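# Results of the structural survey
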Amino acid sequence: MVEKSIGVFDSGIGGLTVYKSIRASLPKESIIYLGDTARIPYGTRSPATVRRYAYQDAAFLSRQNIKMLVIACNTISSIAMELLKESFPIPILGVIEPGAREAVKTSKNGRIGVIATEATVESGAYTKAIHAINPNVSVYAKACPLFVALAEEGWHNHTATRLIASEYLASLQEMEIDTLVLGCTHYPLLKNVIQSVIGNHVSLIDSGECVAKEVTTLLNKSEEVNLENKATDIFYVTDSGKRFCRIAELFLGKPLENLIAVDIWEANAEAKADPNW
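Residue numbering note: each chain is counted from 1, following its sequence as written. For this predicted model, a pLDDT threshold of at least 70 governs which residues receive local features, and a threshold of 80 or more governs which side-chain atom pairs are given and counted, while totals over whole chains, interfaces and linings are taken from all residues. Side-chain calculation: all heavy atoms of the structure are included, whereas hydrogens and water are not.

## Comments concerning the environment of Ser 62
Heads up, the condition is: Here a strand is any run of E in DSSP of at least two residues, a helix any run of H or I of at least four, and the numbering for each starts at the N terminus. To sort residues, take the accessible area from a 1.4 Å probe on protein chains only and compare it with the maximum for the residue type: under 20% means buried, over 50% means exposed, and anything in between is partly exposed.
Among the secondary structure elements, Ser 62 is positioned in helix α2 (residues 47–62). Look at Ser 62 and you get partly exposed, because its relative accessible area is 30%. The spacing of Ser 62 and Lys 28 is 34 residues in sequence and 21 Å in space, taken between C-alpha atoms.

## Considerations on the sheet that holds strand β5 (residues 111–116)
The pairing of strands in a sheet happens through backbone hydrogen bonds and is either parallel or antiparallel. Worth spelling out the cut-off: Any two strands with at least two DSSP-identified bridges between them are counted as paired. Here an axis means a line fitted to C-alpha atoms, over the contact stretch when the element is a helix, while the angle between two N-to-C directions is reported on a 0 to 180 degree scale. Note on definitions: a residue-residue contact is assigned when non-hydrogen atoms from the two residues lie within 4.5 Å.
What the four strands build is an open sheet, ordered β6-β5-β7-β8; its pairing is parallel. Pairing within the sheet leaves two strands with one partner each, and these edge strands are β6 (138–143) and β8 (203–206). Going across the sheet, the axis of each strand differs from the next one's by a mean of 25 degrees, ignoring polarity. Across four bridges, strand β7 (residues 179–183) lies against β8 in parallel orientation. By the bridge assignment for β8, Leu 180 is matched with Leu 204. The strands touched by helix α4 (residues 96–106) within the sheet are β5, β7 and β8, with β8 carrying the most contacts at an inclination of about 160 degrees. The strands touched by helix α9 (residues 191–198) within the sheet are β5, β7 and β8, with β8 carrying the most contacts at an inclination of about 150 degrees.

Right under this line is the structure:
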């Protein structure tokens, strides 16, 4: 029997931080990653556009012999989760709820900060998820769009990054938060700078690590864990594979292998023409 893979997708490259956490937690699992680099960024798109793109991405991965789908993007998780769960008959996990659960569990004073893209902040997804667990917690959200570019430039400890972080995080410091959710998958790359600016008394929540724990729990519960040490990873991109490779090496700390360019539109059109799809 051919072992099924874990499907992971993102609007681009940020989801590799989620992939890295899953790979560390489940070294024997094969992972298929899709980065929709031709249409990045999703964070500034309308909700309707995000849902359309996310459906197309998920449709492509659903045909790759996967046993579960991980949405490694806060924007997609906040906007398109319901649509995807209704559309595909496999377990689907996003990054919002796992991060929210960990934040509520971690906070001692009930004052939680969330930094994310504009789309994620405007959706109120983290606030809703946190209040669903504990309505008495205060949530303070802040959009930090420049962090994405800084992470992809590799400016993880740059003076400019520190200055921008100080500007972004000042209002959250005034709110006396004790827990901060890194609500974009790029942000863990800037963890050291963010921690030094916000202060060591504030706990940082990496949603990717939280998702990896839940993926592990779900696979163990359903008894679908791969027990053979034959893990194979495949990375699909929709554009600019050279740039993806360069930035992926910054994210993962090693060269990328098995990178394939794919046309989502063409692949899905061909699938729809197949009566067995």
